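Chains, contacts and geometry: an overview
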Amino acid sequence: YLLFLFFEYINSLKDEARALEEIFGLSSEPQEVFFALFLNYQRKIVGAAEISRGNMHHAQAPIQQVLQHALAHNASGIIIAHNHPSGIVIPSRSDTQTTNILFKGCKAVGLCLMDHAIIGGGKFFSFWALRCEKKRHPHTRFLELVKRSIHGIRPKKFEKPKDILAAVAEPEKG
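Below is a short write-up of the structure. (Residues numbered from 1 in each chain as written. Predicted model: local features only at pLDDT ≥ 70, side-chain atom pairs only at ≥ 80, totals over all residues. Heavy atoms only, no water.)

**Regarding the pairing of strand β3 (residues 77-83)**
For β3, the tally of buried residues reaches seven of seven residues, placing the bulk of the element in the interior. Every second residue of β3 is oriented toward a common face, with Gly77, Ile79, Ala81 and Asn83 on one face and Ile78, Ile80 and His82 on the other, all of them buried. The sheet contact formed by strand β1 (residues 33-39) and β3 spans six bridges and is antiparallel. Directly across from Phe38, in β3, lies its bridge partner Ile78. Sheet topology note: the β3/strand β4 (residues 112-120) ladder contains seven bridges and is parallel. Counted as the bridge partner of Ile79 is Asp115 from β4. (Buried < 20%, exposed > 50% of the residue type's maximum accessible area, 1.4 Å probe, protein only. Helix = DSSP H or I, 4+ residues; strand = E, 2+ residues; numbered from the N terminus. Pairing = 2+ DSSP bridges.)

**A word on helix α2 (residues 13-24)**
For α2, built from 12 residues, the straight-helix expectation of 16 Å at 1.5 Å per residue is met to within 8% by its first-to-last C-alpha distance of 16 Å. Within α2, 10 of the 12 residues are buried, which leaves it mostly tucked inside the rest of the structure. Looking only at α2, the buried set comprises Asp15, Glu16, Ala17, Arg18, Ala19, Leu20, Glu21, Glu22, Ile23 and Phe24. Note on α2: the residue one or two positions beyond its end, Gly25, has a positive phi of about 60°. (Expected span 1.5 Å × (residues − 1).)

**Here's the deal with helix α4 (residues 93-108)**
Helix length check: α4, at 16 residues, gives a terminal C-alpha distance of 23 Å against a target of 22 Å (1.5 Å per residue), a fit within 8%. If you follow the buried residues of α4, they end up packed against β1, α3 (63-72), β3, β4 and α5 (127-136). Looking at the residues trailing α4, positive phi occurs at Gly110, about 80°. (Contact = heavy atoms within 4.5 Å.)

**Quick word on the environment of Arg43**
Mapped onto the fold, Arg43 is located in the loop between β1 and β2 (45-53). As for Arg43 and Ser76, which are separated by 33 residues in sequence, their C-alpha atoms are 8.6 Å apart. In contact with Arg43, other than residues within four places in its own chain, are Glu8, Tyr9, Ile10, Asn11 and Met114.

**A word on the sheet that holds β1**
Read across the sheet, six strands follow the order β2-β1-β3-β4-β5-β6 without closing on themselves; strand pairing throughout is mixed. In this open sheet, the two strands that pair with only one neighbour each are β2 and β6 (150-152). Across this sheet, the average inter-strand angle for adjacent strands is 25°, counted without regard to direction. Running at roughly 155° to β4, α4 makes contact with β1, β3 and β4 of the sheet. (Axes fitted to C-alpha atoms, helices over the stretch in contact; angles between N-to-C directions.)

That's the geometry; what it means functionally is another story.
Right, dumping it as structure tokens:
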């Protein structure tokens, strides 16, 4: 069933949120867990890995491990993600620092950090969406931009690959 997801393409935030939740089940984790999806240049998922587990408030994000996994999967892009068991998906200072450090590390080895997502309480935060909001609204306060970048995750769980295929075939709403 997980192998099926490795044929999925990430073309939208909806695709990203669904893939992260289906592969890793981050919403149900009682502690912070740091994961990564690896994509080829066509944005097709070519691999996934749990990078680290922490406690209720923090999980380490070993940059070297992320890059090693990406290179081992022959990926050209990376989506990193972790959960906030509290359900509050507003990024911490540490989350922002991790994103910046990994962005520079990826650039140094010719990879693209496509996004850093935070999942919790049925919500999904995307640093990529935040960056888009900043470009559209450069003078809006940071927390207002963060709130605009938080999206709901579809609560439906998929039991079989055909259920996932049916959801992928659904037209985009909204």
